[in-house]
Amino acid sequence: MQESKETHISNHLDEIVAAVSVTPRKKIQNKLPQTALFQPPREKLHLCEEKAKSYSSSHKHKEAVHELVRCIALTRICYGDSHWKLAEAHINLAQGYLQLKGLSLQAKQHAEKAKEILTNSLMPPYNDNTDVFKCSIELFHTMGRALLSLQKFKEASENLSKAERLAKELLQCGRIIKEEWIEIQARIKLSSAQMYQSQKKSKEALPHYQEALEYIEISRGEKSLECVSILRELAGVEQSLGFYDASINHFLQAHLIVLSKNPSQEEAAVSAHFVAHASIASGRPEHHDVAEQYFQESMANLKDAEGMGKAKFLSIQDDYCHFLQVIGQKEKATSILRESLEAKVAVFGDLSPKVAETYRLLGGTDLAQGNHSGAHKKLKKLSWRKMMVACSKTVARVWSKVVGESRDVDKDIEATAHGSSECLQIQTLLYGPQDKRTLATQQTMDVLAKAPEVAVKPRQTPRAKAAFCGSAAQHGAPGKARPSAAD
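Residues numbered from 1 in each chain as written. Predicted model: local features only at pLDDT ≥ 70, side-chain atom pairs only at ≥ 80, totals over all residues. Heavy atoms only, no water.

**A look at the overall build of the chain**
Per the secondary structure count, the chain includes 23 helices and zero strands. Taken across its 487 residues, the chain has 41% of its residues classed as buried. Nonlocal contacts in the chain, meaning residues at least 24 apart in sequence, comprise 59% of its contacts between residues at least 6 apart. Split by element, the accessible area of the chain, about 27000 Å² in all, is 52% carbon and sulfur. (Helix = DSSP H or I, 4+ residues; strand = E, 2+ residues; numbered from the N terminus. Buried < 20%, exposed > 50% of the residue type's maximum accessible area, 1.4 Å probe, protein only. Contact = heavy atoms within 4.5 Å. Areas by Shrake-Rupley, 256 points an atom, 1.4 Å probe, with all protein chains shown as cover.)

Listed below in structure tokens is the structure:
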């Protein structure tokens, strides 16, 4: 533990040395102009602050944190150890850490350091300490957010209340103008709303979201992108409370703002998907047309996408198929699912939850239609394909982790060649043998095995197995036609 702390301190010192060194590291040298190497510390500080803002606005949070670490070192050089500017630098770094998942504790530590510095900065008389008080508002708000991330809700609430009270007092004393107060209120109300929602207190969260949206619309404008995330969070709370019309309207309002800002195809697709999903959640027939419209809009934006865009398209398409099944268009849903199988295998791989779930849904459809043989076939569909090659070794390697037993590779190949339940094997591998999805598939297989039309084939001889493997190899040979994944 001691060694870990020393390593952390060492790394921190390396960053500070790199921040103020005249001879920068190779990485930084390529990014900085030569004139920047000989700038005075204050000019360097200003440059680092601007770069941190630029990285943050571009959502490059790791790069922003690196610049904010440099800002602390340079601020200490420029202003000393007890100036409120150093506290501000620590608060900025804490806010940077809050943008990175899993670093809330570091954010809290920097906020505590800022509090220590500000305490020493407040000197009587207090007439000239407006900057210190403004910095204190940011401190309490940032500390509240850090504690919220750490799920320390009581302490988070106390800090957010302190920030709100101090802002109100500064407004009443004329230390800040109303426009500044409105911007501060927007941030505090949003954090308060998120604090209540994190505790599943949707009723308490709702008015805070509404106030946060109102303040943002006043300070930034009704069409600003800052409204989008608040509108979506507000809509989510309304949906959980059963206010479906208001929820759909707020998702739609956010969607129209996104479309007005020249979004990428993926951003437009995701935004339309929010509206479609909210329309389904209501369960009301009058919202079906809205859901259909925005599902089509969402998928149209990603229809020709590749890579991650293709994966997103297939996920949205799955949601659309679920919607079709809910409204009774099961044949159309089944047709789309069947056509999507080859693309899903290509994008997600044979041993993926998406492929297993699609086979499960198709098998369920066959079962509902009384096609027991087709359902049984779907549930063991991939047994002779990739499972025979890849899963034989994968299962042997992972089996002991899944069920705590050793397993022989030859047994896996033999079981696979005999048409063991493919969906069941994938689910066992992915989720474990006791997961409810695995158990449900096992129960279905047990029922289907008793159906008269599902004949149990006799055990293959070694010669038959060899012939089967040769046949499978022919299917996989270049230039040979492969059977469809949906067959």
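There is more to say, and it comes next.
**Side note on the pattern of salt bridges**
Evaluation of the coordinates by the stated rule reveals 13 salt bridges. A salt bridge links Lys-113 to Glu-116, with the shortest nitrogen-to-oxygen separation between them at 3.7 Å. With Lys-113 and Glu-116 both in helix H6 (residues 104-121), this residue pair falls three residues apart, about one helical turn. Taking the relative accessible area as the measure of exposure, Lys-113 reaches 32% and is therefore partly exposed. Glu-116 sits in the partly exposed class, given a relative accessible area of 45%. A salt bridge links Lys-134 to Glu-180; its shortest N-O distance comes to 3.3 Å. One end of the pair, Lys-134, is in helix H7 (residues 130-149); the other, Glu-180, is in helix H9 (residues 178-198), with 46 residues separating them in the sequence. Assessed through its relative accessible area of 31%, Glu-180 is described here as partly exposed. (Salt bridge = Lys/Arg side-chain N within 4 Å of Asp/Glu carboxyl O.)

**With respect to the environment of Glu-50**
Considering the arrangement of structural elements, one finds Glu-50 in helix H3 (residues 41-57). The exposure class assigned to Glu-50 is partly exposed, which follows from its relative accessible area of 38%. Between the C-alpha atom of Glu-50 and that of Glu-67, which follows or precedes it by 17 residues, the distance is 9.1 Å.

**Notes on the packing of aromatic side chains**
Across all of its chains, the model carries five aromatic pairs by this definition. Their ring planes at 55 degrees and their centres at 5.4 Å tell us that Phe-295 and Tyr-320 sit as a pair that is tilted. Here Tyr-320 lies in helix H15 (residues 308-326) and Phe-295 lies in helix H14 (residues 288-302), a separation of 25 residues in the sequence. Each of the two residues, Phe-295 as well as Tyr-320, counts as buried. A connected cluster of aromatic rings, assembled from ring pairs, spans Phe-295, Tyr-320 and Phe-323. (Phe/Tyr/Trp six-rings, centres within 6.5 Å; stacked < 30°, edge-to-face > 60°.)

**Side note on the packing of helix H12 (residues 244-259) against helix H13 (residues 265-281)**
Remark: H12 packs on H13, axes separated minimally by 9 Å, with the N-to-C direction vectors making an angle of 170 degrees. With respect to their mutual orientation, H12 and H13 come out roughly antiparallel. Within the contact between the two elements, H12 uses Tyr-244, Ser-247, Ile-248, Phe-251, Leu-252, Ala-254, His-255, Val-258 and Leu-259 and H13 uses Glu-267, Ala-268, Ser-271, Ala-272, Phe-274, Val-275, Ala-278, Ser-279 and Ala-281. Among the residues making up the contact of H12 with H13, the classes are represented as 13 nonpolar, four polar and one charged. (Axes fitted to C-alpha atoms, helices over the stretch in contact; angles between N-to-C directions. Parallel < 35°, antiparallel > 145°, perpendicular 65-115°, else oblique. Nonpolar A, V, L, I, M, F, W, Y, C, P; charged D, E, K, R; others polar.)

**Details of unusual backbone geometry**
At Gln-151, a residue that is not glycine, the phi angle is positive and equals roughly 60 degrees. Unusually for a residue other than glycine, Lys-200 sits at a positive phi of about 65 degrees. You can see Lys-200 is positioned in the loop between H9 and helix H10 (202-220).

**Here we look at the side chain of Ser-298**
Looking at the secondary structure, you find Ser-298 in helix H14. A residue is classified by how much of its surface remains accessible, and Ser-298, at 0% relative accessible area, is buried. Among residues more than four places away in sequence, those in contact with Ser-298 are Ala-269, Ala-272, His-273 and Ile-316.

**Here we look at the environment of Arg-220**
As for its placement among the helices and strands, Arg-220 is situated in helix H10. Arg-220 has contacts with Glu-183 and Glu-226, leaving out every residue within four places of it along the chain.

**Looking at helix H16 (residues 330-348)**
Along H16, the helix axis deviates most sharply at Leu-341, where the bend reaches about 40 degrees. Along H16, the residues that are buried comprise Ala-333, Thr-334, Ile-336, Leu-337, Ser-340, Leu-341, Lys-344 and Val-345. Gly-349 sits one or two positions beyond H16 and adopts a positive phi of about 95 degrees. (Bend = angle between axes of the 7 residues up to and from the residue.)

**A word on H10**
In this model H10 runs 26 Å from its N-terminal to its C-terminal C-alpha over 19 residues, within 8% of the 27 Å that 1.5 Å per residue would give. For H10, the set of buried residues is Ser-202, Ala-205, Leu-206, His-208, Tyr-209, Ala-212, Leu-213, Tyr-215 and Ile-216. Those residues of H10 hidden inside the fold are in contact with H9 and helix H11 (226-240). Of the residues one or two after H10, Gly-221 is the one with positive phi, at around 105 degrees. (Expected span 1.5 Å × (residues − 1).)

By themselves, these figures tell us nothing about what the structure is for.
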